[in-house]
Amino acid sequence: MAQNSTYNPALSGNPQSATARAYPNGNPDLGYNPVGVRNTDSAVALHRDKPVLHDYTSDGPAPGNLAFRWIYGSNVAAKNRDPRVQVVQYNEDSFVLRQNVCVHWEAPFTYLLFGNTGALLIDSGATAEARHYPLRETVDAIIARWGQARGRSKVPLTIALTSGEDVAQNQGLVQFAGRADTTIVPKPLEVMKRFYGLGKSWQAGVGKIDLGDRSIEVIPTPGTHKDGVSFYDPYCDFLFTGDFLFPGKINIGNDRDYLASLERLKAFTASRPVKWILGGHIEMMFVPGKYYPRFMSYKPYERVLEMTPSLIDEAIQYAREIQGKDMMLIRPDFALFNGVSPDQRTQVWPEGVPNINPPRPF
């Protein structure tokens with residue numbers, strides 16, 4: 001029987017759907033889930049006699065939602081009552097976790113991704129002590145709930161870092177020592193290269209982490225750190241870049257490596273769709289070029305986490321400009337620090353960037 005493409009709320013079975021946009025998936029005129037387009041089989045069966053498998057192939061990025069506000073700390077950190085780890089479920093198989101700003105001022109992000117045979121945790125935050133930063137407890141709870149929904153009693157976990165040298169992203173690693181069914185990517189550079197199969201092709205090859213029909217690609221991106229890597233998820237079309245490219249103060253360790261890695265990312269993304277770049281922190285405010293100083297535990301006017309892939313071109317342009325120079329350079333969505341202290345200041349406001357005074361947070 002042919003389907004009528006005209007939306008008729010009377011046939012929906014729910015009188016509230018007469019508003020049309022209250023239940024958009026039931027209205028074909030809105031363009032959600034058009035006929036014939038594969039996206040994701042994210043609906044989990046309520047009754048099953050075997051583990052549920054997902055098809056991670058999709059036409060375009062898998063649906064998800066980051067439309068919310070991150071917790072942003074307090075003037076008096078001791079009085080903060082927000083969760084120590086904020087958890088946002090982007091979609092059924094992708095989670096974004098943020099460390100409380102009052103636990104550590106950098107408030108790093110970590111990312112938990114699931115496939116049909118395992119899970120991947122990207123980065124591990126800035127605090128080792130589980131009492132203050134219960135990362136493992138949080139990850140274990142998410143995995144247990146996900147495994148129950150998918151009919152799996154065992155979900156192997158891989159933990160990988162965007163940089164083993166970055167103390168804001170590697171401190172929580174100790175919480176997972178001795179955890180069953182867990183693989184921790186080694187931190188020493190040469191061992192890490194071999195783990196990803198990049199021992200002979202570092203800075204040229206691409207490694208992989210197979211989660212079961214969801215394969216995460218590993219791209220060497222040294223520049224801020226010698227061991228820097230970025231991760232690409234072809235399911236959500238996300239590029240995870242740690243502190244290599246993020247909305248904040250990017251402290252360049254080797255400007256030649258940094259520029260070469262940016263150019264490598266540009267070439268990589270030329271053949272792969274990228275919806276968003278997701279870094280390891282947020283330091284920029286919502287007004288162009290303004291950022292929070294170090295050690296701030298109250299950041300109510302942050303920029304959004306996600307960055308567009310066009311910012312790779314902008315980063316390349318200005319990384320070339322500062323190469324070989326000890327200087328900082330401000331852009332609307334990030335600031336480059338090359339050979340200078342992260343507390344360096346400049347009296348030169350960049351041309352073409354609106355100079356807007358942000359509101360005072362007090």
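Residues numbered from 1 in each chain as written. Predicted model: local features only at pLDDT ≥ 70, side-chain atom pairs only at ≥ 80, totals over all residues. Heavy atoms only, no water.

1. A look at helix α4 (residues 255-270)
In step 1: With 16 residues, α4 should cover 22 Å at 1.5 Å per step; its first-to-last C-alpha distance of 23 Å lies within 8% of that length.
In step 2: If you check which residues of α4 are buried, you get D255, Y258, L259, S261, L262, R264, L265, F268 and T269.
In step 3: Summarising the contacts, the buried residues of α4 are in contact with β8 (215-220), β9 (229-233), β10 (238-242), β11 (249-252), α5 (311-322) and β15 (335-338).
In step 4: The opening residue of α4, the one whose side-chain oxygen lies 3.1 Å from the backbone nitrogen of R256, is N254. (Helix = DSSP H or I, 4+ residues; strand = E, 2+ residues; numbered from the N terminus. Expected span 1.5 Å × (residues − 1). Buried < 20%, exposed > 50% of the residue type's maximum accessible area, 1.4 Å probe, protein only. Contact = heavy atoms within 4.5 Å. Polar contact = N/O pair within 3.5 Å; in protein donor to acceptor, adjacent residues only side chain to side chain.)

2. Concerning the nonpolar core
In globular proteins that are soluble, nonpolar side chains generally tend to be buried together.
In step 1: In this structure, Y196, I209 and F231 are the most contacted members of the largest nonpolar core, which totals 32 residues.
In step 2: Counting only elements with at least two residues in this core, the list comes to β1 (85-91), β3 (109-114), β4 (119-122), β8, β9, β10 and β12 (276-279).
In step 3: It is β3 that provides the largest number of residues to this core, a total of three residues.
In step 4: Look past the residues within four positions of Y196 in its chain and what remains in contact with it is A160, V185, G207, I209, V218 and F231.
In step 5: Grouped together as the second largest cluster of nonpolar side chains are 26 residues, I250, F268, I277 and F334 included. (Core = buried A, V, L, I, M, F, W, Y, C linked by side-chain atoms within 4.5 Å.)

3. What about the pairing of strand β2 (residues 94-99)?
In step 1: For β2, the tally of buried residues reaches six of six residues, placing the bulk of the element in the interior.
In step 2: Residue alternation in β2 divides its side chains into two sets, S94, V96 and R98 and F95, L97 and Q99, and both sets are buried.
In step 3: Pairing geometry for β1 and β2, over six bridges, is antiparallel. By the bridge assignment for β2, Q89 is matched with F95.
In step 4: The turn linking β1 back onto β2 is made up of two residues. (Pairing = 2+ DSSP bridges.)

4. Examining the environment of D243
In step 1: Turning to its location among the elements, D243 is positioned in the loop between β10 and β11.
In step 2: Its relative accessible area of 14% is what places D243 among the buried residues.
In step 3: Considering only alpha carbons, one finds D243 and D166, 77 residues apart in sequence, at a separation of 8.2 Å.
In step 4: A distance of 3.2 Å separates polar atoms of two side chains, one belonging to D243 and the other to T224.

5. Notes on the sheet that holds strand β6 (residues 182-184)
Within a beta sheet, neighbouring strands are joined by backbone hydrogen bonds and run either parallel or antiparallel to one another.
In step 1: Strand order in the open sheet made by the six strands is β1-β2-β3-β4-β5-β6, with mixed pairing throughout. With partners counted over all chains shown, the strands left at the sheet margins are β1 and β6, one partner each. Between one strand and the next, the sheet's axes are offset by a mean angle of 20°, whatever the strand orientation.
In step 2: Here helix α1 (residues 135-150) sits on the sheet and contacts β1, β2, β3, β4 and β5 (157-160); the angle it forms with β3, its principal contact strand, is near 25°. (Axes fitted to C-alpha atoms, helices over the stretch in contact; angles between N-to-C directions.)

6. Comments concerning α5
In step 1: For α5, which comprises twelve residues, the first-to-last C-alpha distance of 16 Å matches the rise-based estimate of 16 Å (1.5 Å per residue) to within 8%.
In step 2: Turning to α5, its buried residues number three or more, namely L311, I312, E314, A315, I316, Y318, A319 and I322.
In step 3: Positive backbone phi, at 80°, marks G324, one or two positions downstream of α5.

7. A look at the side chain of Q175
In step 1: Mapping Q175 onto the fold places it in the loop between α2 (167-170) and β6.
In step 2: Within the local environment of Q175, its side chain forms a polar contact with the backbone oxygen of Y133, the two atoms lying 2.8 Å apart.
In step 3: A distance of 3.2 Å separates a polar side-chain atom of Q175 from the backbone nitrogen of L135.

8. A short note on the packing of aromatic side chains
In step 1: Under the defined criterion, the tally for this structure stands at 16 aromatic pairs.
In step 2: Ring geometry for Y291 and F337: centres 6.3 Å apart, planes at 75°, overall edge-to-face. Of the two residues, Y291 sits in the loop between β12 and β13 (306-307) while F337 sits in strand β15, which places them 46 residues apart along the sequence. No difference in accessibility class separates Y291 from F337, as the two residues are buried.
In step 3: Three or more aromatic residues link up through ring pairs in this structure, and these residues are Y90, Y111, F238, F240 and W276.
In step 4: In this structure, K290 packs its charged tip against the face of W349, placed 5.1 Å from the ring centre. (Phe/Tyr/Trp six-rings, centres within 6.5 Å; stacked < 30°, edge-to-face > 60°. Lys NZ or Arg CZ within 6 Å of the ring centre and 35° of its normal.)

9. Details of the pairing of strand β7 (residues 207-210)
Each regular strand displays side chains that alternate between the two surfaces of the sheet.
In step 1: Only one face of β7 is covered, namely the one carrying G207 and I209; the face carrying K208 and D210 has none of its residues buried.
In step 2: Bridge count for β7 against β8 is four bridges, and the pairing is antiparallel. When the bridges of β8 are listed, K208 appears paired with E217.
In step 3: What sits between the antiparallel neighbours β7 and β8 is a turn of four residues, in which G212 has the positive phi angle 95°.

Remember, this is a structural readout, not a statement about activity or role.
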